[in-house]
Amino acid sequence: MKDGGLENKKELENSKKQSNSSKFRSKSDDFALSIAKVAVAQVCESIGFQSFQHSALETLSDVAARYIYTLGKTANFNANLAGRLESNVFDVIQGLEELESGLGFAGASDVNRCLANSGVVRDIVHFVGDAVDVPFAYDIPRFPVVKDRKGMGSFWEKGEEPHGEHIPSWLPAFPDPETYATQSTVGNGTMSGSNGVKTGLVRVEWKVERPLLNFQQQFARNGNVGDSSCGGGDSTKAKEASNSNPYLAAPLHFGEKEVDVSPVVLPTKLSNEVASRDPIPENRFLGNQVSVLETFATAIEAMKSGICEYDGSRQKNVLYNQRPTVHFKIGIGKKSLNSAPYFISKNKDLQKIAYWFENGNEKDDRKRRAEIFSKESMECSHESVKNE
Amino acid sequence: MSHNPQSSDGKHDDDSTLSDFLASLMDYTPTIPDELVEQYLAKSGFQCPDVRLIRLVAVATQKFVAEVASDALQHCKARQDAVVKDKRDKQQRDKRLILTMDDLSKSLREYGVNVKHQEYFADSPSTGIDPASREE
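Counting restarts for each chain, with residues numbered from 1 along the sequence as it is written. Just so you know, chain letters begin at A and ligand numbers begin at 1, following the order they were written in. Note on the predicted model: pLDDT of at least 70 is required for a residue's local features to be given, and 80 or more for side-chain atom pairs to be given and counted; whole-chain, interface and lining totals, by contrast, use all residues. Note: side-chain values were computed over all heavy atoms of the structure, leaving out hydrogens and water.

Chemist: Mind showing me how you'd approach the overall build of chain B here?
Modeler: The helix count covers DSSP runs of H or I at least four residues long, the strand count covers runs of E at least two residues long, and both are numbered beginning at the N terminus. When you go through chain B residue by residue, the secondary structure sums to 6 helices and 1 strand. The order of helices and strands in chain B, counted from the N terminus, is α-α-α-α-β-α-α. Within the span of chain B, comprising 136 residues, buried residues form 38% of the whole. In what follows, a contact means two residues having at least one pair of non-hydrogen atoms within 4.5 Å. Across chain B, the fraction of contacts at a sequence separation of at least 24, relative to all contacts at a separation of at least 6, is 62%. A 1.4 Å probe and the Shrake-Rupley method give the accessible areas. Residues count as covered only by the protein chains that appear here. Carbon and sulfur atoms make up 49% of the accessible area of chain B, which totals about 8,500 Å². Relative accessible area decides the class of each residue, using a 1.4 Å probe on protein chains only: under 20% of the type maximum gives buried, over 50% gives exposed, and in between gives partly exposed.

Encoded structure:
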């Protein structure tokens, strides 16, 4: 006599779980099973049943699902046995015969029977003829629904060039630089990777541009002389640049005071070119020589006007601050000025500089910068006088 | 020799019967929907672009379920007839025909599906044993 003790129950559950997992029933099958329940209930109703037990209905629907599954499996097996991928009507009839062989059908013992003439088919024909046409109760959409996944897009699809020869074009493209996590305006995510390369390039450009810069400054100092021996176009350019841009003006000599400081007007070319972030760093250098020139004009001017009391890095930070839109990395660490306590403790002016990083208003910045620059230059000159 | 034309005609007839039947299947809508059948056939690896075969499978399944259900109905009616002994025949006969697990398991048994349930559950292993042996 069997007992329904706890041990037995657990074993039953375990065996059930194993059998279920090994069989086709899974969690994702719930929708199909519920549809099967409705269909089976409709069939039972057409037979004559008025109600049912839940467990009985579940069992019968499960059996019906397995019937379909077994039929498909057998038909597929028969097709593969005959060397075909797609199943035939004869494969299906053979599967039906196999399933009906338990109860038997007419002509089962006939060895030379034709499949088309099979008793199974005849039974089905009779059934179709007798049965009442009861369509399914609900409208079912096509399932399972296949999600249409949009791919990332390869380099080739996006029309981008991969960053190196080792990257094939059929691979997914890198995400936009805007999506990178940027820490501050000083440290740009896209720049940090090629930092060393960039600083090298910057230095090279600086060396190349220095003689040209000196040349332009000479012109500005000489009062915009029209005719010169070296290149008319350059001279006119220098003239215009010096007229509009105070950074190309003659540098202040030691001890000079700057009386009137006009607000810095960023040249349109610089602002336009910098606004569009180019992922390839080389282009910026080659196509934008004027900006490099102007940036380092500031550096040279600052050095000449004698900002000597600050550290080299501090100086570079100030210079960097002149052009917040141009993201060069001249050996500056990734931390912003705000985070470094050393700078905050130093001077009142540093707070203003820190404020520049936060404030997005360019015009105010420029005005403030110009004022502070004049202040600093005056202080420096005073101190140098004191030292002497 | 004379056998051959007959058999060839027979074959043609069979083929034509089959093809006619398959064509007629498209008019008849089985209760089991096509999507459900396709789902389970796809799971089993069955590959066929022909819709008529899917209809054939659906009809075959419906026939199977109908046979099982009719057998269960027979069992249910037989039980009801056996119970009726008193004068309240009509009241008991008017009772609803319910598909119970009991009837279903009996009818499925003939088709080779074993869904037998426990008849009862006991509290401990020694339930139902004679008191004399239990003491030992």
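Chemist: Got a minute to help me understand the packing of aromatic side chains in this structure?
Modeler: Two aromatic rings are characterised by how far apart their centres lie and by the angle between their planes. Each pair of aromatic rings taken from Phe, Tyr and Trp, with Trp reduced to its six-membered ring, is defined by centres within 6.5 Å and is described as stacked if the planes are under 30 degrees apart, edge-to-face if over 60, and tilted in the remaining cases. Summed over all chains, the structure comprises 3 aromatic pairs over all chains. Judged by centre distance (5.5 Å) and plane angle (90°), the rings of Phe64 of chain B and Tyr111 of chain B are edge-to-face. A residue pair is termed long-range when its members are at least 10 positions apart, and Phe64 of chain B in helix H3 (residues 51-83) and Tyr111 of chain B in the loop between helix H5 (101-110) and helix H6 (131-135) qualify at 47 residues. Judged by its relative accessible area of 6%, Phe64 of chain B falls in the buried class. An aromatic cluster of three or more residues is present, and its members are Tyr67 of chain A together with Phe64 and Tyr111 of chain B.

Chemist: Please explain the packing of H3 of chain B against H5 of chain B as it appears in this structure.
Modeler: The description of two packed helices rests on the angle between their axes and on the distance between the axes. Residues and elements named next belong to chain B. Axis definition: a line fit to C-alpha positions, over the contact stretch in the case of helices; interaxial angles, taken between N-to-C directions, run 0 to 180 degrees. At a minimum axis distance of 8 Å, the contact between H3 and H5 shows a crossing angle of 130°. The orientation of H3 with respect to H5, classified from their angle, is oblique. Judged by the sense of rotation from one axis to the other, the crossing of H3 with H5 is right-handed. Contacts between H3 and H5 involve Val68, Asp71, Ala72, His75, Cys76 and Arg79 from the first element and Asp102, Asp103, Leu104, Lys106, Ser107, Leu108 and Glu110 from the second. Considered class by class, the residues forming the contact of H3 with H5 number 5 nonpolar, 2 polar and 6 charged. Roughly parallel refers to an angle under 35 degrees, roughly antiparallel to one over 145, roughly perpendicular to one between 65 and 115, and oblique to any angle outside these ranges. By definition, turning the near helix anticlockwise from the far helix through less than a right angle yields a left-handed crossing, and turning it clockwise yields a right-handed one. In this count, Pro and Cys sit with the nonpolar residues alongside Ala, Val, Leu, Ile, Met, Phe, Trp and Tyr, while Asp, Glu, Lys and Arg are called charged and the others, Gly among them, polar.

Chemist: Honestly, the interface of chain B and chain A in this entry has me stumped. Any pointers?
Modeler: Interfaces are often sized by the accessible area lost when the parts come together. Listed by partner, the interface residues are 60 residues for chain B and 69 residues for chain A. Here the buried area means the combined drop in accessible surface, using a 1.4 Å probe, for two parts upon being joined, counting both sides. With both sides pooled, the region where chain B packs onto chain A buries about 6,000 Å², and carbon together with sulfur makes up 72% of that total. Just to be clear on terms, a salt bridge is a Lys or Arg side-chain nitrogen sitting within 4 Å of an Asp or Glu carboxyl oxygen. At the surface where chain B touches chain A, the tally comes to 1 salt bridge. Salt-bridge contacts for Lys43 of chain B lead to Asp29 of chain A; the nearest nitrogen and oxygen are separated by 3.2 Å. Side-chain atoms alone can form a polar contact between residues adjacent in sequence; in general such a contact is a pair of N or O atoms within 3.5 Å, and within protein one must be able to donate a hydrogen while the other accepts it. There are 10 residue pairs in polar contact (both at pLDDT 80 or more) connecting chain B and chain A. Contributing elements (two or more residues each) for the side of chain B that touches chain A: helix H1 (3-25), helix H2 (34-44), H3, strand E1 (98-99) and H5 of chain B. Among the elements that take part in the side of chain B that touches chain A, H3 of chain B stands out by supplying 16 residues, more than any other.

Chemist: I keep staring at the pattern of salt bridges and nothing clicks. Help me out?
Modeler: Oppositely charged side chains can pair when the atoms bearing their charge come close. Residue and element names in this part refer to chain B. Summed over all chains, the structure comprises 9 salt bridges over all chains. For the salt bridge of Arg79 with Asp102, the shortest nitrogen-to-oxygen distance reads 3.5 Å. Remark: Asp102 occurs in helix H5 and Arg79 occurs in helix H3; sequence separation between them is 23 residues. With relative accessibility at 33%, the residue Arg79 sits in the partly exposed group. Residues participating in the shared-partner salt-bridge network are Arg79, Asp102 and Asp103.

Chemist: I keep staring at the packing of helix H4 (residues 89-100) of chain A against H3 of chain B and nothing clicks. Help me out?
Modeler: Running from N to C, H4 of chain A and H3 of chain B cross one another at 15°; their axes reach a closest spacing of 10 Å. Relative to H3 of chain B, the element H4 of chain A is oriented roughly parallel. Here H4 of chain A runs over H3 of chain B; the crossing is right-handed. Along the contact surface, H4 of chain A presents Val89, Val92, Leu96 and Glu100 of chain A, while H3 of chain B presents Leu53, Leu56, Val57, Ala60 and Lys63 of chain B. Residues that form the contact of H4 of chain A with H3 of chain B fall into these classes: 7 nonpolar, no polar and 2 charged.

Chemist: How should I be thinking about the confidence of the model for chain A in this particular structure?
Modeler: Close reading of the predicted structure is inappropriate where its pLDDT is low. Residues and elements named next belong to chain A. In the predicted model, chain A carries a mean pLDDT of 68, and the fraction of residues at 70 or more is 47%. On a range of 0 to 100, pLDDT expresses the predictor's confidence in each residue. Per-element mean pLDDT across chain A ranges from 44 in helix H11 (residues 281-287) up to 94 in helix H3 (residues 54-81). The low-confidence segment residues 273-290, where pLDDT is below 50, has 25 contacts with residues more than four positions distant or belonging to other chains. Note on residues 336-341: pLDDT under 50 across the span, and 9 contacts to partners over four residues away in sequence or across chains.

Chemist: How do you make sense of H2 of chain B when you look at a structure like this?
Modeler: Of all 11 residues that make up H2 of chain B, 8 are buried, and the element is covered over most of its length. Asp34, Glu35, Leu36, Val37, Gln39, Tyr40, Leu41 and Ser44 of chain B are the residues of H2 of chain B that are buried. On its buried side, H2 of chain B packs onto helix H2 (30-47) and H3 of chain A together with H3 of chain B. Phi turns positive one or two residues past the end of H2 of chain B, at Gly45 of chain B, with a value near 100°.

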